[in-house]
Structure formats: structure tokens, C-alpha cells
Amino acid sequence: MDVAKVEITTQEIVQSEFPELIEFDLKFNIHGSDYPDSEAPPILTVEELEAAKKRGDELYWLRTSNGERAGYYWTEKQDDCLFLSALIISTEFKNKRIGRQVLFWVDKTAMKYGFSRCALTVSPLNSPAVHLYLS
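This is a predicted model, so every value here is computed, not measured.

A. Structural context of the environment of T45. Mapped onto the elements of the fold, T45 is located in the loop between helix 1 (18-30) and helix 2 (46-55). For T45 and P19, which are 26 residues apart along the polypeptide, the C-alpha to C-alpha distance reads 8.5 Å. For T45, the side chain forms a polar contact with the main-chain nitrogen of E48, separated by 3.0 Å.

Structure below.
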């Protein structure tokens with residue numbers, strides 16, 4: 001069965017949207033995950049997001065053609081690579097090939113910055129993400 005692809009654009013997340021980002025992350029990454037409580041990722045804070053922006057990290061909303069938020073992603077420039085810190089997609093938009101689109105954009109961004117590689121970490125408990133990254 002072929003999965004329908006959703007057209008997605010990106011929009012930079014600005015400081016005034018940090019509370020909305022935290023709420024989105026809580027809904028789809030913390031509470032909406034299958035992690036046991038002991039394995040759940042930490043809750044984002046405004047201070048953490050402000051520090052990320054000051055470091056030059058890039059945070060983007062993933063938006064559908066009608067402007068609906070389908071998710072977000074966060075990249076960090078590290079010494080030798082572009083690191084994908086987060087990729088969160090709302091339940092409604094999972095399995096729509098959005099993750100693949102983001103990985104393509106991250107790869108292109110890494111090349112733009114002169115990196116020869118990208119990196120990420122993923123919990124082995126997050127089987128959909130592991131499957132995406134291995135594919």
C-alpha cells in the first residue's frame with residue numbers, strides 16, 4: 001500500500017512561539033509517545049530553547065499547505081556534523097513521508113554548511129523512528 005505524501009513547508013520558530021512549541025512537544029513527544037515514564041524525553045523549557053537560538057541552532061515548524069502544524073525539527077551545528085536534535089510529527093501526520101522530507105532537508109542543509117555528514121540519536125524504544133532512520 002502506498003502512503004499518501006503531504007506537501008510540507010518549513011517556517012522558522014521564533015522566540016514568541018516557544019510556549020506553543022513546548023505545548024506541541026508535550027502533546028506529541030512526551031504524552032503521545034509509547035515510552036515508559038522512566039524513558040520519556042525531558043520536557044523542553046523556554047531557557048533551553050533560548051540557549052539553542054543563541055548557539056545558532058535552527059528550529060522549524062513543519063506546515064501543511066493550509067498552514068496547519070504537522071510537526072517541528074531542530075538542528076545543531078556541531079564540530080564535524082549537522083546534528084538532528086529533534087524531529088516530532090503530530091499523530092495526524094505520521095506515515096505521510098514527512099520524516100523523509102525532513103531528512104532530505106537536513107542533508108541539504110549540512111552540505112550548505114560544509115558538513116560531510118549528519119548525525120542523530122534515537123531511542124531503540126522508538127521503533128517508527130528507528131525504521132525511518134535505518135531506511
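The rest of the description comes next.
B. Inspection of the packing of aromatic side chains at higher detail. On inspection of all chains with the given rule, the structure shows four aromatic pairs. A ring pair is formed by F24 and F28, whose centres lie 4.7 Å apart and whose planes are at 50°; its orientation type is tilted. Taken together, the positions of F24 and F28, both in helix 1 and four residues apart, correspond to about one turn of that helix. Residue classification places F24 among the buried positions, given a relative accessible area of 9%. The exposure class assigned to F28 is buried, which follows from its relative accessible area of 17%.

C. Just the pattern of salt bridges, in detail. Within this structure, the stated rule accounts for five salt bridges. Taking the shortest distance from any N to any O, the salt bridge between R69 and E20 comes out at 2.8 Å. Residue R69 is found in strand 3 (residues 69-77), and its partner E20 is found in helix 1; the two are separated by 49 residues along the sequence. Look at E20 and you get partly exposed, because its relative accessible area is 36%. Where salt bridges share partners, they join E17, E20 and R69 into one cluster.

Each value, and the rule that gives it
- All residue numbers refer to positions counted from 1 along the written sequence of the respective chain.
- With pLDDT at 70 or above as the cut-off, local features in this predicted model cover only qualifying residues; side-chain atom pairs require 80 or more to be listed or tallied, and sums for whole chains, interfaces and linings still use all residues.
- Side-chain metrics in this entry use all non-hydrogen atoms of the structure; hydrogen atoms and water are not considered.
- Strands here are runs of E lasting at least two residues and helices are runs of H or I lasting at least four, both read from the DSSP assignment and numbered beginning at the N terminus.
- Polar contacts here mean pairs of N or O atoms no more than 3.5 Å apart (in protein, one a potential hydrogen donor and the other a potential acceptor; neighbouring residues in sequence count only if both atoms are side-chain atoms).
- Two aromatic rings from Phe, Tyr or Trp, using only the six-membered ring of Trp, form a pair when their centres are within 6.5 Å; if the ring planes differ by under 30 degrees the pair is stacked, by over 60 it is edge-to-face, and anything between is tilted.
- For every residue, the accessible area obtained with a 1.4 Å probe (protein chains only) is divided by the maximum for its type, and the residue is called buried under 20%, exposed over 50%, and partly exposed between those limits.
- By salt bridge we mean one thing: a side-chain nitrogen of Lys or Arg within 4 Å of a carboxyl oxygen of Asp or Glu.

By themselves, these figures tell us nothing about what the structure is for.
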